[in-house]
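Here is what each chain is made of, one letter per residue.
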Amino acid sequence: MEHKIEELAIRGLFLLKEYEKPFLKEWTSLKKDLRGWENNLISEFESMIVFGFTNLSKTTFVSSNDFIQLLVLKWQKHHPEFVDDFEAIFLISAVENSFHKVLKRRNAGFLDHQAVQVFFTRIIDKVLRTQLLEYQDDKWLKTLVNLRTVPSNWLAVIRNEKSLYKVSKVVGAETLPANEQLITMCEGLQANELEDLSTALSRLLTPGQELSQIITIPCLTETLMICIKDSTDTVTVEQIETLRKMYLKQMKLNHLESELEWKDATLLFQQRLIQSQSASEAVKMITQGLVDYLPFSRCALFIYSPGEHSGVGVHAHNVNTGSVQHIKESIAEFPLLRKYLKHFSHSKPIFIEDAADILPAKYVRDYSLKSLVVLPIYVPAENKLIGLAILDRGENKSFTVNNQTLTALIKFGQYGGELLNQYYEDAVQLFGVQHALLTIREREVLKLIAEGASINEAADTLHLSSYTVRDYISAIIHKLDAKNRTDAAVKALKMRLIQ
């Protein structure tokens, strides 16, 4: 299995190299859409893109991970501590969507789209791993500092940030009298040398111990600093190595557990969606899946009508008050959401701390809304927004969302978009989103074309003139945003406009 996935990732890498020029044009367009972002982050991403293409042109990579690791190391030199983590993850997804647009214009096959998807999923995995290497579990660190084999007073995690050593975490032993305020103060300390931090921590945390024995243990991007309880005790090289391995092993377990959680969630969601056989089942599977596999308790799904620039409620899960199916609102009624849809890629979920900042008061009151997430239901291969899901954790519940959940949400929104796109025309008619995309006569013409009929043959079958059939075909191509009548037929079959 891993061998096949790696083959796909390598294929994605070659596609990136092959379509460098058209992608860079797409990137220029994307930057305009992202003009509301912090310019520094966009500039840094642009330098990373140039760095990546430069290395692709002069080096042959046997493994996709070799290239990805090259990018990660380059990024870490500028960002020892990942500050704009989710913003960077979203930008990676936006870059992926740009490649899908390039592939679509070149009539690339389904496997090419999957290859690009696998490649960028691996990049996101590396980004999440970078975050998780910095993540520390208080409970685990306290277990480490209270080991009987190496009795200690306290343990500190030190990071090297821009030539400065900074205390990021301090954990005291059970016998340490230091209070929480003092430990919090220690976590803000920084110095040019590790010895200076060692001295400062000793004076603050163990003031009565004049000759504290401090050992330092390098661990990847961090250093463990441990104050030994008895300054006369001898700590062996083997003991230090044991502590280092224990620490690294726990970080790896944290990473694997978190990675498996979000990947398993997306896999289960996909498996659920496959069961859908109709538009009504599709909207039900999407809303229930978003609640069952992610940390949310309520979900309302809206189909987006680009012609009317509005959203129509189609299904809700665990919403007890009223129904969303009578809701039809113009996007113009939501200034913040309208600004978001105008200036940002349509695939990014947005977290709203207070629903009153974005929704009309009547909805906030009727549905007892507080914090919520707005998830675009998006088709990356077609660069098309077809819906929005509103998610929260219950009536009047405030909450926050971690980066693993936000990353999974991007994939959930795309998988939901791909499914709903297959039933879009049926959903439009079933839920009254807007007028049918194609008229009955247009469907008849397109069905004959899809079956291989010429314009004259279609005209004879339908008792129309060839000129009239050509007019129908022109209208169909325009409505489906297709390149030609063959492309229109393929799209119509995919969207189930014709059988």
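Note that the structure is a prediction, hence the values are computed from the model and not measured.

Draft legend 1. Spotlight on the sheet that holds strand 4 (residues 213-219). Here we have five strands laid out as an open sheet, ordered 3-2-1-5-4, and antiparallel in their pairing. Strand pairing shows two members of the sheet lacking a second neighbour, strand 3 (190-191) and strand 4, which therefore form its edges. Two elements, strand 1 (residues 152-161) and strand 2 (residues 164-172), share eight bridges in a ladder whose sense is antiparallel. In the strand pairing of strand 2, Arg159 is matched with Lys166.

Draft legend 2. Examining the confidence of the model for the protein chain more closely. When pLDDT is averaged along the protein chain, the result is 80, and 82% of the positions lie at 70 or above. For the stretch residues 132-136, pLDDT sits under 50, and the model shows 17 contacts to residues farther than four places along the chain or on other chains.

Draft legend 3. Highlighting the packing of helix 18 (residues 466-480) against helix 19 (residues 485-494). Following both chains from N to C, one finds helix 18 and helix 19 inclined at 60 degrees, their axes separated by 9 Å at the closest point. Put simply, helix 18 runs oblique to helix 19. Considering how the two elements wind past one another, helix 18 and helix 19 form a crossing that is left-handed. Counting all contacts with helix 18, which are made through Ile473, Ile476, Ile477 and Leu480, the residues of helix 19 involved are Arg485, Ala488, Lys491 and Ala492.

Draft legend 4. Spatial organisation of the nonpolar core. Formed by 43 residues in total, the largest nonpolar core has its most connected members in Trp27, Phe45, Phe99, Phe119 and Phe120. At 10 residues, the largest contribution of residues to this core is made by helix 5 (residues 85-105). For Trp27, the residues in contact, after removing those within four places along its chain, are Ile42, Phe45, Glu46, Ile49 and Val95. Val291, Leu301, Ile303 and Ile377 belong to the second largest nonpolar core, which has 36 residues in total.

Draft legend 5. Representation of the packing of aromatic side chains. A complete count under the given rule lists nine aromatic pairs for this structure. Between the aromatic rings of Phe99 and Phe120, the centroid separation amounts to 5.9 Å while the plane-to-plane angle is 40 degrees, which identifies the pairing as tilted. Pair noted here: Phe99 is in helix 5 and Phe120 is in helix 6 (residues 110-134), with a separation of 21 residues, a long-range link. The same class applies to Phe99 and to Phe120, which are both buried. In textbook terms, an aromatic cluster arises when at least three aromatic residues are bridged by ring pairs, as seen for Phe23, Phe53, Phe61, Phe67, Phe99, Phe119 and Phe120. Residue placement shows Arg393 over the ring face of Phe296; its charged tip is 5.9 Å from the ring centre.

Draft legend 6. Molecular detail of the pairing of strand 6 (residues 298-305). Most of strand 6 is tucked away, with eight of its eight residues classed as buried. With six bridges connecting them, strand 6 and strand 11 (residues 384-392) associate as antiparallel partners. Along strand 11, the bridge assignment pairs Leu301 with Ala389.

Draft legend 7. Molecular detail of helix 17 (residues 455-462). Along helix 17, the residues classified as buried are Ile455, Ala458, Ala459 and Leu462. Projected down its long axis, helix 17 carries its buried residues within an arc of 100 degrees, all on one side. Those residues of helix 17 that are buried lie in contact with helix 16 (440-450), helix 18 and helix 19. One or two positions beyond helix 17, positive phi appears at His463, with a value near 60 degrees.

Draft legend 8. Region of the structure containing the packing of helix 11 (residues 279-292) against helix 14 (residues 403-422). Where helix 11 meets helix 14, the axes come as close as 10 Å, and the angle between the chain directions of the two elements is 170 degrees. The pairing of helix 11 with helix 14 is recorded here as roughly antiparallel in orientation. In this structure, helix 11 contributes Ala282, Val283, Ile286, Gly289 and Leu290 to the contact, and helix 14 contributes Leu409, Phe412, Gly416, Leu419 and Leu420. Its residues assigned to classes, the contact of helix 11 with helix 14 shows eight nonpolar, two polar and no charged.

Draft legend 9. Spotlight on the pairing of strand 5 (residues 222-228). Among the seven residues in strand 5, seven count as buried, and that is most of the element. The alternating pattern of strand 5 places Glu222, Leu224, Ile226 and Ile228 and Thr223, Met225 and Cys227 on opposite faces, both of which are buried. Both strand 1 and strand 5 contribute to a ladder of seven bridges, which runs antiparallel. Residue pairing across strands places Val157 opposite Leu224, the latter belonging to strand 5. Where strand 4 meets strand 5, seven bridges bridge the pair, whose relative direction is antiparallel.

Draft legend 10. Representation of the environment of Ile476 in the model. Counting through the fold element by element, Ile476 comes out in helix 18. Residue classification places Ile476 among the buried residues on the basis of a relative accessible area of 1%. Note: C-alpha distance between Ile476 and Glu442 (34 residues apart in sequence) is 6.8 Å. Those residues within four positions of Ile476 in sequence are excluded, and the remaining contacts are Leu438, Glu442, Val445, Leu446 and Ala488.

Cut-off values and rules
Position numbers for residues count from 1 along each chain, tracking the sequence in the order it is written. Reporting of local features is limited, given that this is a predicted model, to residues whose pLDDT is at least 70; pairs of side-chain atoms are given and counted only at 80 or more, and all residues count toward the totals for whole chains, interfaces and linings. Hydrogens and water molecules were not included; the side-chain quantities draw on all heavy atoms of the structure. Pairing between two strands requires that DSSP report at least two bridges joining them. Here a helix means four or more residues in a row that DSSP labels H or I, a strand means two or more in a row labelled E, and each is numbered from the N terminus. The predictor's confidence in any single residue is recorded as pLDDT, a number from 0 to 100. We call two residues in contact whenever any of their non-hydrogen atoms come within 4.5 Å of each other. Note on geometry: axes are C-alpha line fits, over the in-contact stretch for helices, and angles between N-to-C directions span 0 to 180 degrees. For classification, angles of less than 35 degrees are called roughly parallel, those exceeding 145 degrees roughly antiparallel, those between 65 and 115 degrees roughly perpendicular, and all remaining angles oblique. Note on convention: the crossing is left-handed when the near helix lies turned anticlockwise from the far helix by less than a right angle, right-handed when the turn is clockwise. Working definition of a nonpolar core: buried Ala, Val, Leu, Ile, Met, Phe, Trp, Tyr and Cys residues. They are joined through side-chain atoms within 4.5 Å. In this scheme, a residue with accessible area under 20% of its type's maximum is buried, one over 50% is exposed, and one in between is partly exposed, where area comes from a 1.4 Å probe on protein chains only. Note on ring pairs: Phe, Tyr and Trp rings are taken, using the six-membered ring of Trp, and paired if centres are within 6.5 Å. Classes follow the plane angle, with under 30 degrees stacked, over 60 edge-to-face and the rest tilted. For a Lys NZ or an Arg CZ to count as sitting over a ring, it must be within 6 Å of the ring centre and within 35 degrees of the ring normal. Summarising the geometry, the arc corresponds to the directions from the helix axis toward the C-beta atoms. As a working rule, the residues Ala, Val, Leu, Ile, Met, Phe, Trp, Tyr, Cys and Pro are called nonpolar, Asp, Glu, Lys and Arg charged, and the rest polar, with Gly in that last group.

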